[in-house]
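Chains, contacts and geometry: an overview
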Amino acid sequence: MDWNRMMEDQPVVMTMLKQSMEKDRLAHAYIFEGMRGAGKKHAAWLTARSLFCPYRENAAPCGECRECRRIEHGNHPDIIVVEPDGASIKKAQVEALQKEMTYKGMETSFKIYIINDADRMTAGAANSLLKFLEEPESPILALLLTENVHFMLDTILSRAQKLSFAPPAPEKRARFYREEGASETAAPLLARLPDEAAGDYQGEATDWIVQGRALVIQLVEEVHSRPHQVLLTLQEKWLAHFKDREELDIGLDLLLFWYRDLLTVKHNGQDLAYPDQRETMENQGLQMPETEIARILQLILDAKRKLRANVNAQLLMEHLLLRLQEGS
Ligand SMILES: [Zn+2]
């Protein structure tokens, strides 16, 4: 939770927050929207620290005083966090929040509440919050965080100031997933998957990604050097691991990342989805002209498109793997 790092990662958002704090002109409600890993939570907690830290300088919290440390450890009485209880944020949760907010501040007259995944409020919860946003009873700052701002009610959007976080670069997203507990091999892959897919496979579920990754490495090796093996691996392993359309789509993404990495390696790029496979890729890349890699990328993208159009998944994969071999 470093102010300067946040300033570098999200200069627009952080400058706006900084200036509003310095001029004492914060809005009473903000929506922090942007991709997973963009730093919305960090920004929310830094804002909270800045507002409570008595030693802040140019809006940056000192990070060392009692207030800063209490906030870092998540036990400041005047900061309340709400997040989904199961799949959604329920009306009772918002009502409980409202109640807590109307108590007088324990030590100051100021309170902050942070709602994580605010788009997951039920209609009832959103409507309760709406009344609350309309008539703040005491000095209160609301920070609503979301990856899916398009799912939020217009009535809420119109009562809050929206700050859009820039999408983080893959390396920064990978750092985020590592901080969330993903392994060294899983993090760069999660960083490249769409949010909604990556979200399902972080934490304890990363094993599934790691196993899928091993399958991609095996399959690619077979496509280019042991083609007679490919259909067997498809049958026995690939289709057993990537079971439905959604999972197969992720499988195709993982395959796509491999060939994208090949191009990156050919151009001496650094940011890889499979960083520990660089040597294998250098050998493979040597034998494969750029036009061939481009052809393969196009085939995988076509397969992803057809998958959405409901074609038979097994036939689709067989067809793709046969076409991949044509060039080699
Ligand atoms: Zn401080």
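Where an unreviewed UniProt entry is consulted, the protein chain appears under the name DNA polymerase III subunit delta', with the organism given as Salibacterium lacus. Heading Catalytic activity (unreviewed entry) of the UniProt record for the protein chain holds this comment: "DNA(n) + a 2'-deoxyribonucleoside 5'-triphosphate = DNA(n+1) + diphosphate".

A closer look at the sheet that holds strand S3 (residues 111-115)
Taken together, the five strands give an open sheet; going across it, the order is S2-S3-S4-S1-S5, and neighbouring strands pair in parallel fashion. With partners counted over all chains shown, the strands left at the sheet margins are strand S2 (79-82) and strand S5 (161-164), one partner each. For this sheet the average axis-to-axis angle between neighbouring strands, irrespective of direction, equals 20 degrees. Relative to S5, strand S1 (residues 29-33) runs parallel, the two being bridged by four bridges. If you follow isoleucine 31 over to S5, its bridge partner there is lysine 162. Against the sheet, helix H2 (residues 11-22) engages S1 and S5, with an angle of about 140 degrees to S5. Sheet strands touched by helix H6 (residues 123-134): S1, S3 and strand S4 (140-146). Its angle to S3, the strand with the most contacts, is close to 150 degrees.

A look at the side chain of serine 50
Looking at the secondary structure, you find serine 50 in helix H3 (residues 40-52). Each residue touching serine 50, except ones within four places of it in the same chain, is listed here: Trp3, Met21, Arg56, Ala59, Ala60 and Pro61.

Points about the pattern of salt bridges
One pass over the full model with this rule turns up 21 salt bridges. Across the pair aspartate 9 and lysine 172 runs a salt bridge, and its minimum N-O distance is 3.4 Å. One end of the pair, aspartate 9, is in helix H1 (residues 3-9); the other, lysine 172, is in helix H8 (residues 170-179), with 163 residues separating them in the sequence. In the salt-bridge network here, residues are joined through shared partners; they are Glu292, Arg295, Arg323 and Glu326.

Description of the coordination of the zinc ion
Taken together, Cys53 (SG), Cys62 (SG), Cys65 (SG) and Cys68 (SG) make up the protein donors of the zinc ion, found 2.2 to 2.4 Å from the metal. For the zinc ion, the four donor atoms in the first shell make angles of 103 to 117 degrees at the metal, a pattern classed as tetrahedral. Within one chain, the residues serving as donors to the zinc ion are arranged as C-x8-C-x2-C-x2-C.

Points about helix H13 (residues 245-266)
The end-to-end C-alpha separation of H13 is 32 Å, in line with the 32 Å expected for 22 residues at 1.5 Å each. For H13, the N-terminal cap is aspartate 244; the gap from its side-chain oxygen to the backbone nitrogen of glutamate 246 is 3.3 Å. Looking one or two residues past H13, asparagine 268 carries a phi angle of roughly 60 degrees, positive in sign.

Description of the packing of H13 against helix H15 (residues 290-308)
Contact geometry for H13 and H15: axes closest at 10 Å, N-to-C directions at 165 degrees. Of the possible angle classes, the one that applies to H13 and H15 is roughly antiparallel. As H13 packs across H15, the resulting crossing turns out to be left-handed. Judged by residue contacts, Arg245, Leu248, Asp249, Leu252, Asp253, Leu255, Leu256, Tyr259, Arg260, Leu262, Leu263 and Lys266 of H13 engage Glu290, Ile293, Ile296, Leu297, Ile300, Leu301, Ala303, Lys304 and Leu307 from H15. Looking at the contact of H13 with H15 residue by residue, the classes come out as 14 nonpolar, no polar and seven charged.

Description of the environment of proline 139
As for its position among the elements, proline 139 is in the loop between H6 and S4. Residue proline 139 is classed as partly exposed on the basis of its relative accessible area of 44%. If sequence neighbours within four positions are ignored, proline 139 has contacts with Ser109, Phe110 and Lys111.

Some details on the nonpolar core
Grouped together as the largest cluster of nonpolar side chains are 53 residues, with contacts concentrated most on Leu190, Ile209, Trp238, Tyr259, Tyr274 and Leu320. Elements with a minimum of two residues in this core: H8, helix H9 (187-190), helix H10 (195-200), helix H11 (206-225), helix H12 (230-241), H13, H15 and helix H16 (313-326). Take this core: its biggest share by element is eleven residues, from H13. Beyond its immediate sequence surroundings of up to four residues, tyrosine 259 is in contact with Val220, His224, Ile293, Ile296, Leu297, Ile300 and Leu324.

Cut-off values and rules
- Residues numbered from 1 in each chain as written.
- Predicted model: local features only at pLDDT ≥ 70, side-chain atom pairs only at ≥ 80, totals over all residues.
- Heavy atoms only, no water.
- UniProt positions renumbered as here; feature names shortened; annotations may be inferred.
- Pairing = 2+ DSSP bridges.
- Helix = DSSP H or I, 4+ residues; strand = E, 2+ residues; numbered from the N terminus.
- Axes fitted to C-alpha atoms, helices over the stretch in contact; angles between N-to-C directions.
- Contact = heavy atoms within 4.5 Å.
- Salt bridge = Lys/Arg side-chain N within 4 Å of Asp/Glu carboxyl O.
- Donors = N, O, S within 2.8 Å, 3.2 Å for Na, K, Ca; no water.
- Tetrahedral: all angles 85-135°; square planar, octahedral: opposite > 155°, others 65-115°.
- Expected span 1.5 Å × (residues − 1).
- Polar contact = N/O pair within 3.5 Å; in protein donor to acceptor, adjacent residues only side chain to side chain.
- Parallel < 35°, antiparallel > 145°, perpendicular 65-115°, else oblique.
- Left-handed = near helix turned anticlockwise from the far one by under 90°.
- Nonpolar A, V, L, I, M, F, W, Y, C, P; charged D, E, K, R; others polar.
- Buried < 20%, exposed > 50% of the residue type's maximum accessible area, 1.4 Å probe, protein only.
- Core = buried A, V, L, I, M, F, W, Y, C linked by side-chain atoms within 4.5 Å.

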